[in-house]
Structures are given as C-alpha cells and as structure tokens.
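# Chains, contacts and geometry: an overview
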Amino acid sequence: MRPSEAAHLARQALADGDATLARSIAERLLVEFASYPPARLVRALLAEQANDIDAALDDLRGVTSAEPANAEARAVQARLFQRRGDTDRARVAARQAVELIPSSPDVLESALEVLNVEADSLDTSAAVLARVHLNCGWPDLAERHARAAVNESPERVDVRLTLAEALWRLGRLSACEAECRVVADQAEECVRAAVMRAHILSERGRTAEGQELLDRIGRIDPEFREARELLGTLEVHRLVLPNLVEITLPPELLRQSNGTVEAAAETSTDDGVHAAASPDTDPTPAEDQEDGQESPTETLGETPPQVQPSQPAEELPGPEVQADSAGSLPRSSEEAVESPEPLSLDEVARDSDSRSEAVPPTAEVIPMASAGEGEPVAPTDEPAAGAAFSTFDWARHLIEHSEWTEAERVLTDIVTANDPDVSRVDGLLLEAVAHRELRVPAWKLLGDHYMQTDRPQAAADAYLRAANVAGGSAG
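Rules and cut-offs
Residues numbered from 1 in each chain as written. Predicted model: local features only at pLDDT ≥ 70, side-chain atom pairs only at ≥ 80, totals over all residues. Heavy atoms only, no water. Helix = DSSP H or I, 4+ residues; strand = E, 2+ residues; numbered from the N terminus. Contact = heavy atoms within 4.5 Å. Areas by Shrake-Rupley, 256 points an atom, 1.4 Å probe, with all protein chains shown as cover. Salt bridge = Lys/Arg side-chain N within 4 Å of Asp/Glu carboxyl O. Buried < 20%, exposed > 50% of the residue type's maximum accessible area, 1.4 Å probe, protein only. Expected span 1.5 Å × (residues − 1). Phe/Tyr/Trp six-rings, centres within 6.5 Å; stacked < 30°, edge-to-face > 60°. Lys NZ or Arg CZ within 6 Å of the ring centre and 35° of its normal. pLDDT = per-residue confidence, 0-100. Core = buried A, V, L, I, M, F, W, Y, C linked by side-chain atoms within 4.5 Å. Axes fitted to C-alpha atoms, helices over the stretch in contact; angles between N-to-C directions. Left-handed = near helix turned anticlockwise from the far one by under 90°.

## Some points on the overall build of the protein
- Counting its secondary structure elements, the protein contains 23 helices and zero strands.
- A fraction of 64% describes how many contacts in the protein between residues 6 or more apart in sequence connect residues 24 or more apart.
- Only carbon and sulfur atoms are counted for the fraction: they give 47% of the accessible area of the protein, which is about 22,000 Å².

## Description of the pattern of salt bridges
- Applying the stated criterion across every chain yields a total of 31 salt bridges.
- Arg181 is paired through a salt bridge with Glu177; the nearest N and O atoms lie 3.4 Å apart. Note that Arg181 and Glu177 are positioned in helix α11 (residues 173-186) at a spacing of four residues, about one turn of the helix.
- The class for Glu177 is buried, based on a relative accessible area of 11%.
- One salt bridge in this structure joins Arg206 and Glu209, with 2.8 Å as the shortest N-O distance.
- For Glu209, a relative accessible area of 37% gives the class partly exposed.
- What emerges from the salt-bridge pattern is a single network uniting Glu27, Arg40, Arg43, Asp58, Asp59 and Arg61.

## Some words on helix α3 (residues 37-49)
- Between its first and last C-alpha, α3 extends 18 Å over 13 residues, near the 18 Å set by a 1.5 Å rise per residue.
- Among the 13 residues in α3, 11 count as buried, and that is most of the element.
- The set of residues buried in α3 consists of Pro37, Pro38, Ala39, Arg40, Leu41, Val42, Ala44, Leu45, Leu46, Ala47 and Glu48.
- Residues of α3 that are buried sit in contact with α1 (3-15), α2 (19-32), α4 (53-66) and α5 (71-84).
- Directly beyond the C-terminal end of α3, a positive phi value near 65 degrees is found at Asn51.

## Remarks on the packing of aromatic side chains
- Under the counting rule described, the total for this entry stands at one aromatic pair.
- The ring of Phe392 carries Arg424 above its face, with NZ or CZ at 4.2 Å from the centroid.
- Above the plane of the ring of Trp443 lies Arg465, whose end atom (NZ or CZ) is 5.7 Å from the centre.

## A look at helix α8 (residues 126-135)
- In terms of burial, α8 is largely enclosed, as seven of its 10 residues are buried.
- Taken residue by residue, α8 has Ala126, Ala127, Val128, Ala130, Arg131, His133 and Leu134 as its buried positions.
- In this structure, the buried side of α8 is in contact with α6 (87-99), α9 (139-152) and α10 (157-169).
- Where α8 terminates, the next one or two residues include Gly137, which has phi positive at roughly 85 degrees.

## Notes on the confidence of the model for the protein
- Predicted confidence across the protein gives a mean pLDDT of 77, with 71% of residues reaching 70 or more.
- This model gives residues 261-348 a pLDDT under 50, and the stretch forms 214 contacts once residues within four places in sequence are excluded.
- Overall, residues 352-387 carries pLDDT values under 50, and its contacts beyond four positions in sequence, including any with other chains, amount to 49 contacts.

## So, the nonpolar core
- Within the largest apolar cluster, 48 residues are counted, with the highest numbers of intra-cluster contacts made by Ala6, Ile25, Leu29, Leu60, Leu80 and Leu249.
- Mapped by element, the contributors of at least two residues to this core are α1, α2, α3, α4, α5, α6 and α7 (105-115).
- When sequence neighbours within four positions are dropped, the list of residues in contact with Ala6 reads Met1, Ile25, Leu29, Ile247 and Leu249.
- In this structure, Leu167, Cys180, Cys190 and Leu214 belong to the second largest nonpolar core, which totals 38 residues.

## So, unusual backbone geometry
- The phi torsion at Asn116 lies on the positive side, around 60 degrees, for a residue other than glycine.
- Positionally, Asn116 belongs in the loop between α7 and α8.

## Describing the packing of α8 against α10
- Running from amino to carboxyl end, α8 crosses α10 at an angle of 35 degrees, the nearest separation of the two axes being 10 Å. By crossing handedness, the relation of α8 to α10 is classed as left-handed. Along the contact surface, α8 presents Ala127, Ala130, Arg131 and Leu134, while α10 presents Asp158, Val159, Thr162, Glu165, Ala166 and Arg169.

In structure tokens form, the structure reads like this:
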C-alpha cells in the first residue's frame, strides 16, 4: 500500500468518527516517515479534537515547513490560535489560508469564519494574483505580483516560494536558488524548494549533489509527488526519481478499515476535503508489489513494478473508440497498428470529462458461459475456461467493472512490458484517462510510455496534465 493510500484511510476514518483507527494509521505512517505531512495533519486534527492545542500546533508547524502552501494546515492553525485567544495570529493565518486559494469549501469557510467576513468582501491581493498567474502558466506576470507580495509581507514563506517557482519556470536559476535558500531558512523541510534546488544543481553539472538532495526528499514526500509535478514540466532533465515505496499496515488495522475502504470508494476526493492522500491513488489497500528496476536517467518517473501477466493468449477484438480526422484515437485495436499518426493529448484532455460523464464505461467483449446447442448463452463476469482473453481486454474489463486499483496495476504491467504495438498502448491509456478514478495514474503511465518510445515532448505534456489534474484534486 502506498503511503498516500494509508493516509487516505486515516482521513476517511477521521471523517467517519473513528478516531482510534485514524490515530493508529497515522502513527504507523509516522514510524516509517517521521515528517510525512498528511500523517502529521491527521494527528494535528486529532489533537484539535482532544483540545490539545500545543500538540496540534507542533504538528502543523511540521506540515507547513514541508508544504508552506498547504491551505488546510493554515486554516487549522487559525482555528487553534482563535481558540487560544490569539486573535491577531488567527486572522493572519486565516488570511493566508484564503490567499492560498483552497479548492475545499470546508477550508475556505473555516478561514472566512475566523476572519468574520463574506467571501465577496475580500480584496484581491498581490499574493493571490501571483498564484493565479503561475497556475495559468504566466510566470512573468506571476513574478511581478509575487515581488509586490514579498515587499508587502516579507515574512510570508508561501509568497516567497511562489516567487522562486516563477523564477524557476522563467529559467532564471540563480535568482531562483537565492529565493529557495531564503525559503529553506524559514521552512527547512520545504519539499518544493528542495526539488528546484536539486534541478538547479544538476543543471550546473553537480548532478550527484542534486540527486542526493532529491533522494533525501523521500523522507518527507515518499511518493515524490511534488518532484513529479515540477520535473514533469521539463522536456529533459538529469535527475532520476527513486522507486515508489510501499507500507504494510498490520492486519488488524486493515480489518478495521474494511468499512472505511468501502465508504471511501464511493466518496469523491476531488477537493481534498476528506482525504490527504494523493489523488492518483485508489483508497482500497493494494497488495505489496515486487520491486521493479530503476528507471533510465532520462525517464521522468520510475519504472512501475513489473508483474508478469498470465499466460499470453490470442487477442480478442477491442471495443470501438471514436476518433477525429487527426487520428486522436484509434477506432479499434486493428486500426491502431496501421495508424502512424501521433495521438493528440489536447483532444483527449478536452473530451475526457464529457466522455466520462456522457458515455457509459467502454463496452467489453465478455466470454460467454457454455450452453447446450440451441440454448441461450448468458454473459459472465469471468472468461470461460479456455477462452482467449488478452491483457488489453482484461484491462478494459476491469475498467468497465470499476475495479480501479486492479485496472491501474494491469495498465502498469502493459507499460512495463513495453509492448511493440505502440499505438495500441497509446489508445488504451487514452481510453483510461476518460475515467475520473484513473485519470491521474493513466496520464502518468502515458508519460512513462512516451518516454519509453522516445517521445519526450509528448511525455512532458502527459506528466504536466497529470500534475494539473492532481493539483486540482488535492486543493
């Protein structure tokens, strides 16, 4: 199980009122990763419930040191300062939470309650404009407003981090490094600043130092989410993202969390309100995976763990997928072999939301149960004995039946196998991004596949889309 999956279970248990389970999972995570922000945030929320303000603030300091732009942590700080009677600090923290543009209604409402104002009465600040411009891909405008915000509030580490990122995206690495050092003085565990510094070191020929710094980030961000987001915007870089780690929860915790897992599967986590987990994970606990090989130097993500598929079988015809005149998607698995045209990420990104809601899951060719001659044959959920059922068909079958965790594993196997039928793999992954539950991992796998097939620019686009979707989900 990935750490983010375990953190999601803890948040869901907390939302369901099971404080004991939430604490047990959080403490188990902190044994493995002592500074893991999602786990520390859960523990802070538990301390808030127990009215242990000092313990909660201590954990929140750790969260904001690693993630200065964590709006929820700032909102919780505001509530705690207000409860302790420190009105000035409460309002400062609440204002900061609002200016971090939280996507969660709960976080925003909590901050506004401390400020005792309506949302439409807030003025647009330079910090907000800087962050909006940066999110829209306008780093030059973001830098201008971020500098103004730094002049207004030089103590705001989140604003200085925005300025550093704007400079990094503009390629002004020396100025970015200077800002990152200031950020590190105020928030020594800041993951985002460390990722940018690691990249700057590698660009100066000090790749070993940059790689060492990147590896140390794993103690705080074991899934390297921020590294994937930032480095995914680059066409080429010299850093290698370490393999994902897994955590094993004790059997008794897994048994206790069974109901939590089922409830979480039906709960949308787009706003990050009830889950501190990575949006690219399914809340269902995953079985331990075998360690895969390290990815090549130029790969933006690590090679997914390699799991051998079942016995190869003759492939059944795949479902039809609509395509435009530019060949964005193959109409069938046979046409995918014939079409040498690159698949359009822009077209899929525009259409994926509408297709995921307007069109039911992709039809699947399901083997029929055996029957006597002349008798009707009923479809079954599993292939009949001896029936041909390819790995591609199995992936589509799992997607149709909303088996998101297993579907992600099978898609990972397909990418790891580096199938020579490049266009067909493209088509399958582009089908997967139409489903909200698979959108982030499918974009990432598509980026891995593009890197394997020597298409770095397309890979960068795919990684960026994964980061954008993940950022919109996490809030």
